[in-house]
Amino acid sequence: MPRKQPNEERKLILACDQRRKYGARLTFEVQRAEDIGKLENVSLLIEDGTLATIEPGRVCSWESGKRYNIEVIGFPNASDAEDAGMRMAQALLVTAISLNIGMRLNYHSHEPPTVFDRTVSKGFEMWSEGFASRPQDVVLRELTQALSVPLKDRRLLLSIELFVASALESNDRAKFVMAVSALEPLAEQLDLGTEVAIVIDNLAQHLTDAQGLSDDLKCSLRGRLLRLKQESVRQALKRLCAVWLSGDQDAWRKLDKAYALRSELLHEGRPSDLDIIISEESHTISNLLRRIYQQAFGYNFRAGC
């Protein structure tokens, strides 16, 4: 159904009945309210006749920055609302780039917007927060004990740095991608041997002699071809998994699944299986990484794995 003139659309929206009952909600964060001109409790009249509102969102005591909810309302069906939500997410990101400000989208599913029916009452709402604390003597004892561990190589330390930093991400997707990325510094890729090197060198020579290809393309293809002399990151992880997690037949399957899911997120923007719960996948890979670090350091972690 084609949209009516903006003024007519807004009349239908403000009627709050079944005709324009769907909306899309997004949550985003910036470092300071001043970054976005202190936009709070602001309404936007969008050119197509729909409406948007920006309101401050809840921020837990342990979080930094400012959080906002933006709602776009006035759609006859859920698919239109989802499309408008995606366009609003894109507009927020483009604005952040244009104004050179930091911004983070908070996901409640695999897409930034959440579609809702604004004619349905939210009912009674309640909000609270909680966190665990550790006694000071426990932390100092752990730090003192950890100081006795010999210094390890920089690749292992980089992996741990990525892993522990991932826990500070409030976005489940970013947390998962960073946690899985912590595997790559560990995956030292070995040469596949002389026989493989000879085959690759012969193929590289055929490529050099090939006619009809530009020098730039030949150079690019040659570089990619020569890298085949070494095992892939996935092959290296599979080999090292047998060392790190020996005896656990299921460990490699879990690790490989996480690595494949990360690749899918990076290349496609979302997983093909939308029933996947990213937070659960993060928990799985976190447990595997903690077991790997425990093995590499010969150190029993207090929290377990």
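Shown above is the structure to which this text applies.
Cut-offs and rules
Residues numbered from 1 in each chain as written. Predicted model: local features only at pLDDT ≥ 70, side-chain atom pairs only at ≥ 80, totals over all residues. Heavy atoms only, no water. Helix = DSSP H or I, 4+ residues; strand = E, 2+ residues; numbered from the N terminus. Buried < 20%, exposed > 50% of the residue type's maximum accessible area, 1.4 Å probe, protein only. Contact = heavy atoms within 4.5 Å. Pairing = 2+ DSSP bridges. Salt bridge = Lys/Arg side-chain N within 4 Å of Asp/Glu carboxyl O. Core = buried A, V, L, I, M, F, W, Y, C linked by side-chain atoms within 4.5 Å. Phe/Tyr/Trp six-rings, centres within 6.5 Å; stacked < 30°, edge-to-face > 60°. Lys NZ or Arg CZ within 6 Å of the ring centre and 35° of its normal. 1 Å grid on protein atoms, 1.4 Å probe; cavity = no way out; pocket = protein on both sides within 12 Å on 5 of 7 lines; lining within 4 Å. Points joined across faces, edges and corners; volume = space filled by probe spheres on them. Nonpolar A, V, L, I, M, F, W, Y, C, P; charged D, E, K, R; others polar. Expected span 1.5 Å × (residues − 1). Arc of directions from axis to C-beta.

Caption draft 1: Inspection of the overall build of the chain at higher detail. Scanning the chain from terminus to terminus reveals 10 helices and six strands. The dimensions of the chain, computed from C-alpha atoms along their principal axes, are 75 × 70 × 35 Å. Taking all 305 residues of the chain together, the buried fraction comes to 32%. At a minimum sequence separation of 6, the contacts of the chain that also span at least 24 residues come to 70%.

Caption draft 2: Representation of the pairing of strand β4 (residues 66-75) in the model. With respect to burial, β4 is a largely interior element, eight of its 10 residues being buried. Bridge analysis of strand β1 (residues 22-30) against β4 gives nine bridges, and the strand direction is antiparallel. What sits directly across from G23, in β4, is I73.

Caption draft 3: Fine view of the pattern of salt bridges. What the rule picks out here adds up to 21 salt bridges. Across the salt bridge formed by E29 and R104, the nearest N and O atoms sit 2.9 Å from each other. Of this pair, E29 sits in strand β1 while R104 sits in strand β5 (residues 104-106), placing them 75 residues apart in sequence. Look at E29 and you get buried, because its relative accessible area is 7%. A relative accessible area of 29% places R104 in the partly exposed class. Across the salt bridge formed by E281 and K257, the nearest N and O atoms sit 3.3 Å from each other. Within this pair, whereas E281 is found in helix α10 (residues 278-297), its partner K257 is found in helix α9 (residues 251-268), the two being separated by 24 residues in sequence. Three or more residues joined by partner-sharing salt bridges are found here, namely E29, R67, R104 and E169.

Caption draft 4: Representation of the nonpolar core in the model. Judged by nonpolar contacts, the single largest core of 31 residues is most densely connected at L183, L237, I285 and L289. Among the elements that line this core, the one with the most residues is α9, at seven residues. Setting aside residues up to four positions removed in sequence, I285 forms contacts with A179, V180, L183 and A258. V30, A52, I54 and I70 belong to the second largest nonpolar core, which has 20 residues in total.

Caption draft 5: View of the packing of aromatic side chains. This model, assessed by the stated rule, comprises two aromatic pairs. When the ring of F28 is compared with that of Y68, the centres are 5.6 Å apart and the planes differ by 25°; the resulting orientation is stacked. Linking F28 in strand β1 with Y68 in strand β4, this pair joins segments that are 40 residues apart in sequence. On the basis of relative accessible area, Y68 is assigned to the buried category, the value being 0%. Judged by centre distance (5.7 Å) and plane angle (55°), the ring pair of F163 and Y293 falls under tilted. Remark: Y293 occurs in helix α10 and F163 occurs in helix α4 (residues 154-166); sequence separation between them is 130 residues. Summarising the burial analysis for this pair, F163 and Y293 share the class buried. The lysine or arginine in question, R25, covers the ring of F116, its NZ or CZ lying 4.1 Å from the ring centre.

Caption draft 6: Representation of the layout of surface pockets in the model. Approximately 980 Å³ is the volume attributed to the largest pocket. As for the largest pocket, its lining consists of 34 residues, of which T27, R58, E63, R67 and N106 are closest to the centre. Secondary structure elements with two or more residues in the lining of the largest pocket: β1, β3 (51-56), β4, β5 and α5 (172-181). Taken together, the residues of the lining of the largest pocket break down into nine nonpolar, 11 polar and 14 charged. One number sums up the size of the second largest pocket: a volume of about 850 Å³. Lining of the second largest pocket is provided by 21 residues; of these, E142, V164, R290, Y299 and F301 occupy positions nearest its centre.

Caption draft 7: Seen up close, helix α2 (residues 78-99). In this model α2 runs 31 Å from its N-terminal to its C-terminal C-alpha over 22 residues, within 8% of the 32 Å that 1.5 Å per residue would give. Turning to α2, its buried residues number three or more, namely A81, A84, G85, M88, A89, L92 and A96. Taken around the axis of α2, the buried residues stretch over an arc of 145°, which confines them to a single face. When the buried face of α2 is taken as reference, the exposed residues oriented beyond 90 degrees from it are Q90, I97 and S98. On its buried face, α2 sits against β1, β3, β4, β5 and β6 (114-117).

Caption draft 8: Representation of the pairing of β3 within the structure. The sheet contact formed by strand β2 (residues 42-45) and β3 spans four bridges and is antiparallel. Directly across from S43, in β3, lies its bridge partner T53. If you look at the hairpin formed by β2 and β3, you'll find five residues sitting between the two strands, and G49 has a positive phi there, around 100°. Pairing analysis gives six bridges linking β3 to β4, with the strands arranged antiparallel. Of the residues in β4, the one forming a bridge with L51 is I73.

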